[in-house]
Amino acid sequence: MSLRDTDPALHAWRQFCLDEALDLVDRVLFDGSARTQPGLRPAWQAQLREALLEPRRAGLDTAIGGVVVETLSGVSLLCDDEVNESIQLRGAVQAIDHEAEFVLRELGALALRWYRETDALGYPSPVLLEAATLAETLDRALHAAVPSAPRRLDLLKELRPALVREATRSYERQCAWLQSTGARAIDAAQAARAGLSARVAHAAPAPAAPIPPGQVAALFERLQDHARLGPGMRELLQGLSRLAQASAAAEPALLQDPQHPLWLLTDRLVALSQLDLDGQAPGKIALHQRLQPLMDALQRAPQPLLTRHYEQARVHLERLANASLPDPVHPGPVAHLQQAERHAELLPLVQAQVVEQLQRTKLLPQASQFLLGDWVRVITRTSARDGVDGPGPRRWTAVIDTLVDAAALERPRPPTPAELDCLLLEVHDGLRAIDEAPARIQRQVDELRVALKAWPRRAAASAPGPESPPEVAGSPDIQSSAWIHHADLATVPVAMDESPDSPAWRDAQQWLAGLAVDDLCRACLQGRWTAVRLDWISDNGQFFAFSRRQGTPFCTSRRVLERMRGEGLITTIPAGEWLRDAVESLPQEPA
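Student: It is not clear to me how the overall build of the protein chain should be interpreted in this structure. Could you clarify?
Tutor: If you tally the helices and strands in the protein chain, you get 22 helices and seven strands. When the 591 residues of the protein chain are sorted by exposure, 50% land in the buried category. The contacts in the protein chain between residues at least 6 apart in sequence include a share of 77% that link residues at least 24 apart. Taken as a whole, the protein chain presents about 27,500 Å² of accessible surface, with 53% of it coming from carbon and sulfur.

See below:
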């Protein structure tokens, strides 16, 4: 379906939301210092424009940041920065939903008339500018415009109050606009049947209640709406609905048994649809096309179907569905993941110590930029790979003092040719140690050579070093600490963990102990809940790999999962949950 085929009033509604979105960006950024962040305003507006004009292309439930593990192919390691950002984004969404609760209810009722059209077009809900969309587009814009993770986190914290306030005001204006155009919902009963809310279970679900007689068709409709199935999967589920109605008419007892193979088959089919690649990946067939022969075979069988038919269909479902789902993730050696995690921990510490050194001595701008950029990467990567006490990190750390002495603006005499050659040889070897391209190494060496040979040096050419070192969570006192090769630096935590005696820690450990490969989970990634599948657990139980319908697979450490679990950012999807939610949403028969 295209927008041209829908209610013309929907065109105007979408354009009004787009105008509101662009105006909201200016209002939020003007409220904080983020207005001085180059590129953030156009990046956020571009993200919102794509989310409103091309929702399927935007794919707002697929994005995830991460530290790319360079030795692995297409796998990212979820680290503390991503968790901290997810916490802030989820908090912003919850704050908006709480602050604008009644306005959003009214807005949802007014926009309900377009539920079918917006669903077919790929919008999360008729409220086109929902809180999750605002939060996720902001996060994407920050990743595009702000390379520093601590800076992104600071901006999220700073912009959150303004975002909550301006989003609430925008929803009030949207309600007024819809009321003026007469776009009201037909009645409250239709609003209840629409099933717009996304359910997220944070605790172990209770068994599904018996299915009311005569409600089988309605149950399958609720499943389709809750799971937001595409046209192909809807048609497949409607075929299964007809078979289920015939079986229920012949065997009413199956309505009282949520563990009947029919309901287990239905729930599993809906759960797997959340990972369906829909034929978009090379070599993958859409799930409804892959399962159509199975549905045809069930329809050709003598009716009504017996229990054994549904049991056999469950077996075939698991075998056939794999061709439509993401390939399992196999990250490779655990050592690579451990190295990537260690790199993420060491990077802010190394940066802080280099900044401290630059504050004490004014250097040539070229030298300052080189130390804060390429040389920080050299020390961090080699320390993560070889250990902070390894000969390589010690050697590259010593180069800092040598280069600071050679590039000081107040140096009384220029470096001798021998001193310059020795220093540049060390720079060359350090860049080779992290596998930099030869052409880039030569360019860096040549630029340093030209800058260091220039004499006399003018004091006006001061280095643009930061005014204060960045704050590093869990790091030792920067002003009194020694260089990175000291052994105590290797044990500095990035963030404080939960106490082993706390209920949150015990819950996380119990949940982690129960995880198994092929478990389906819900994870809050960049402020939006999405389905993921657990594909791999390392032998030592310290790393986990997940795949999902779109976007790159990702790995995460046990410590990060503990934090996500403690913050309510990840949970398991138990078997039967989709069916239970659909049954609970059916109208209750009068007693």
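Student: Is there a simple way to explain the pattern of salt bridges in this structure?
Tutor: Side-chain pairs of opposite charge can arise whenever the charged atoms involved come near each other. Under the criterion given, the structure shown has 32 salt bridges. Of the charged contacts in the structure, one is a salt bridge between Glu166 and Arg165, with a shortest N-O distance of 3.7 Å. Between Arg411 and Glu419 there is a salt bridge, with the nearest N and O atoms lying 3.3 Å from each other. Classification of Arg411 as buried rests on a relative accessible area of 11%. Overall, Glu419 belongs to the partly exposed group, its relative accessible area being 36%. Three or more residues joined by partner-sharing salt bridges are found here, namely Asp374, Arg377, Glu436 and Arg440.

Student: Teacher, can you tell me more about the nonpolar core here?
Tutor: One finds Trp13, Trp44, Leu107, Leu134, Leu163 and Tyr171 to be the most contacted residues of the largest nonpolar core, which totals 50 residues. Within the residue set of this core, elements represented by two or more residues are helix H1 (8-31), helix H2 (40-53), helix H4 (80-99), helix H5 (101-110), helix H7 (131-145) and helix H8 (149-181). No other element matches the eleven residues that H1 contributes to this core. Ignoring sequence-local partners within four residues, the contact set of Tyr171 consists of Ile96, Ala100, Val103, Leu104, Leu107, Val127, Leu129, Glu130, Ala131 and Leu134. Membership of the second largest hydrophobic core comes to 44 residues, among which are Leu223, Ala227, Leu243 and Leu254.

Student: Before we go on, may I ask you to explain the pairing of strand S4 (residues 528-537) in this structure?
Tutor: Along a regular strand, successive side chains alternate from one face of the sheet to the other. The element S4 is largely enclosed, with a buried count of eight among its ten residues. Two strands pair when backbone bridges link them, and strand S3 (residues 520-525) and S4 are joined in this way by six bridges, in the antiparallel orientation. Across the sheet, Ala523 pairs through a bridge with Thr530, a residue of S4. Counting the residues that bridge the hairpin from S3 to S4 gives two residues, and of these Gln526 lies at a positive phi of roughly 55°. Two elements, S4 and strand S5 (residues 543-548), share five bridges in a ladder whose sense is antiparallel. Across the sheet, residue Val532 finds its bridge partner in S5, namely Arg548.

Student: I would appreciate a short explanation of the side chain of Gln174 in the present structure.
Tutor: Mapped onto the elements, Gln174 comes out in helix H8. Judged by its relative accessible area of 0%, Gln174 falls in the buried class. Contact partners of Gln174, with chain neighbours within four places excluded, come to Trp13, Phe16, Cys17, Glu20, Leu107 and Leu129.

Rules and cut-offs
- Throughout, a residue's number is its position along its own chain's written sequence, starting from 1.
- Local features in this predicted model are restricted to residues of pLDDT 70 or higher, and side-chain atom pairs are both shown and tallied only at a pLDDT of 80 or more, whereas totals for entire chains, interfaces and linings draw on every residue.
- Based on all heavy atoms of the structure, the side-chain values leave hydrogens and waters out of the count.
- Numbering goes from the N terminus for both helices and strands, where a helix is a DSSP run of H or I of at least four residues and a strand is a run of E of at least two.
- The cut-offs for exposure are 20% and 50% of the maximum accessible area for each residue type, with area from a 1.4 Å probe on protein chains only; residues under the lower value are buried, those over the upper are exposed, and the others partly exposed.
- Any two residues whose heavy atoms approach within 4.5 Å are treated as being in contact.
- Note that accessible areas follow from Shrake-Rupley with a 1.4 Å probe, and for residues the cover is restricted to the protein chains shown.
- We count a salt bridge whenever a side-chain nitrogen from Lys or Arg sits within 4 Å of a carboxyl oxygen from Asp or Glu.
- The set of buried Ala, Val, Leu, Ile, Met, Phe, Trp, Tyr and Cys residues whose side-chain atoms join them within 4.5 Å is what this entry labels a nonpolar core.
- Whether two strands pair depends on DSSP finding at least two bridges between them.

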